[in-house]
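Chains, contacts and geometry: an overview
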Amino acid sequence: MEHGLNSFDAEAQGSTLVDFGLYSYGTALLVYFVLLVLAVITLRRSALGGPLLAACLLTALWAAIITASGFASEPLLMSMQAAEVARNAAWIFLLLRLLETRLAGTGHWLASSSWLPWFAIAFTLMLSIILAGELLVERLSPLYNFSAYTTFGTWLIMAVGGLLVLEQCFRNSDAGELWAIKHLGVGLGIIFAYDFFMYAEALLFSNLDRNLW
């Protein structure tokens, strides 16, 4: 009887976790869709309007895929991972464009568009590592630990990269510019800091904590 109750509790907790994930990612989808509409109305002619629109669109798409995965018979893992890489790439691209405007005229290599090929190569490589890691797990179980380390390590590198670029944006902004980007800084800081915590814990234990995710 006690074992049956424990099983029932575990099932109830799992159901609650799924519902919470569905509601939270569904809310994220709604919020980023509204932000996308506002960005189209107010920022489409801005120099950073294009990157911001792309970031909002890809974040809404990421949330939509995870929300849809809650209704699917099996999680859409590869689609979710590809969407998350695209989301991270879009926000880091926006920060790099912002940093480019801050460093204009300084001669710094980020003050021109010379970083674009390296950016594209880096994220293509990270996406390949993550998707290849999933395929290795499915086909070669003895390589699971190696695949987990490389995959979670790649996610961790993305989070650290986002925090570093965000820190550089703050470092190279004056008081007025800092005030203008305060909400962007806080929002992305929370996203990348939480990703850092979650994937560092996953790298340590070779397993992603479902509750944290």
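From a predicted model like this one, the values you see are computed outputs, not experimental measurements.

**Here's the deal with the overall build of the chain**
Counting its secondary structure elements, the chain contains seven helices and zero strands. Per-residue burial for the chain yields a buried fraction of 34% across its 213 residues. Put simply, of all contacts in the chain between residues at least 6 apart along the chain, 68% involve residues at least 24 apart. Entry remark: accessible area of the chain is about 12500 Å², with carbon and sulfur atoms responsible for 70%.

**Looking at the packing of aromatic side chains**
Counted according to the given criterion, the structure contains nine aromatic pairs. Residues Phe119 and Phe123 carry aromatic rings whose centres are separated by 4.9 Å and whose planes lie at 50 degrees to one another, so their mutual orientation is tilted. You can see Phe119 and its partner Phe123 sitting in helix H4 (residues 116-139), four residues apart, about one turn around the helix. The structure contains a cluster of three or more aromatic residues connected by ring pairs, namely Phe93, Trp115, Phe119 and Phe123. Its end group placed over the ring of Trp62, Arg87 keeps NZ or CZ at 4.5 Å from the ring centre.

**Side note on the environment of Leu61**
Mapping Leu61 onto the fold places it in helix H2 (residues 49-69). Judged by relative accessible area, which is 44%, Leu61 ranks as partly exposed. Along the primary structure Leu61 and Ala83 are separated by 22 residues, whereas in three dimensions their C-alpha atoms are 7.0 Å apart.

**Notes on the packing of helix H3 (residues 77-102) against helix H7 (residues 182-205)**
Relative to each other, H3 and H7 sit at 135 degrees, their axes nearing to 12 Å. As the angle between them shows, H3 and H7 are arranged oblique. Between H3 and H7 lies a crossing whose hand is left-handed. Residue-level inspection shows Glu84, Arg87, Asn88, Trp91, Ile92, Leu94, Leu95 and Leu98 of H3 in contact with H7, the latter providing Leu184, Leu188, Ile191, Phe192, Asp195 and Tyr199. Class assignment for the residues of the contact of H3 with H7 results in ten nonpolar, one polar and three charged.

**Quick look at the confidence of the model for the chain**
For the chain, per-residue confidence averages 83 on the pLDDT scale, and 85% of positions sit at 70 or higher. Under a pLDDT of 50 for its full length, residues 1-14 has, in the predicted model, zero contacts with residues more than four places off or in other chains.

**A few points about the environment of Phe123**
Among the residues examined, Phe123 registers a relative accessible area of 10% and is labelled buried. A C-alpha to C-alpha distance of 8.5 Å links Phe123 and Ala86, two positions 37 residues apart in sequence. Among all residues touching Phe123, those that are not within four sequence positions of it are Val85, Asn88, Ala89, Ile92 and Met158.

**Some points on the packing of H2 against H3**
A pair of packed helices can be characterised by two numbers: the angle between their axes and the separation between those axes. Interaxial distance between H2 and H3 falls to 8 Å at its minimum, and their mutual angle equals 160 degrees. Compared by their axis directions, H2 and H3 come out roughly antiparallel. Remark: the crossing between H2 and H3 carries left-handed chirality. Of the residues in H3, those in contact with Pro51, Leu52, Ala54, Ala55, Cys56, Leu58, Thr59, Trp62, Ile65, Ile66 and Ser69 of H2 are Ser79, Met80, Ala83, Glu84, Ala86, Arg87, Ala90, Trp91, Phe93, Leu94 and Arg97. Split into classes, the residues belonging to the contact of H2 with H3 amount to 16 nonpolar, three polar and three charged.

Criteria and thresholds
Residues numbered from 1 in each chain as written. Predicted model: local features only at pLDDT ≥ 70, side-chain atom pairs only at ≥ 80, totals over all residues. Heavy atoms only, no water. Helix = DSSP H or I, 4+ residues; strand = E, 2+ residues; numbered from the N terminus. Buried < 20%, exposed > 50% of the residue type's maximum accessible area, 1.4 Å probe, protein only. Contact = heavy atoms within 4.5 Å. Areas by Shrake-Rupley, 256 points an atom, 1.4 Å probe, with all protein chains shown as cover. Phe/Tyr/Trp six-rings, centres within 6.5 Å; stacked < 30°, edge-to-face > 60°. Lys NZ or Arg CZ within 6 Å of the ring centre and 35° of its normal. Axes fitted to C-alpha atoms, helices over the stretch in contact; angles between N-to-C directions. Parallel < 35°, antiparallel > 145°, perpendicular 65-115°, else oblique. Left-handed = near helix turned anticlockwise from the far one by under 90°. Nonpolar A, V, L, I, M, F, W, Y, C, P; charged D, E, K, R; others polar. pLDDT = per-residue confidence, 0-100.

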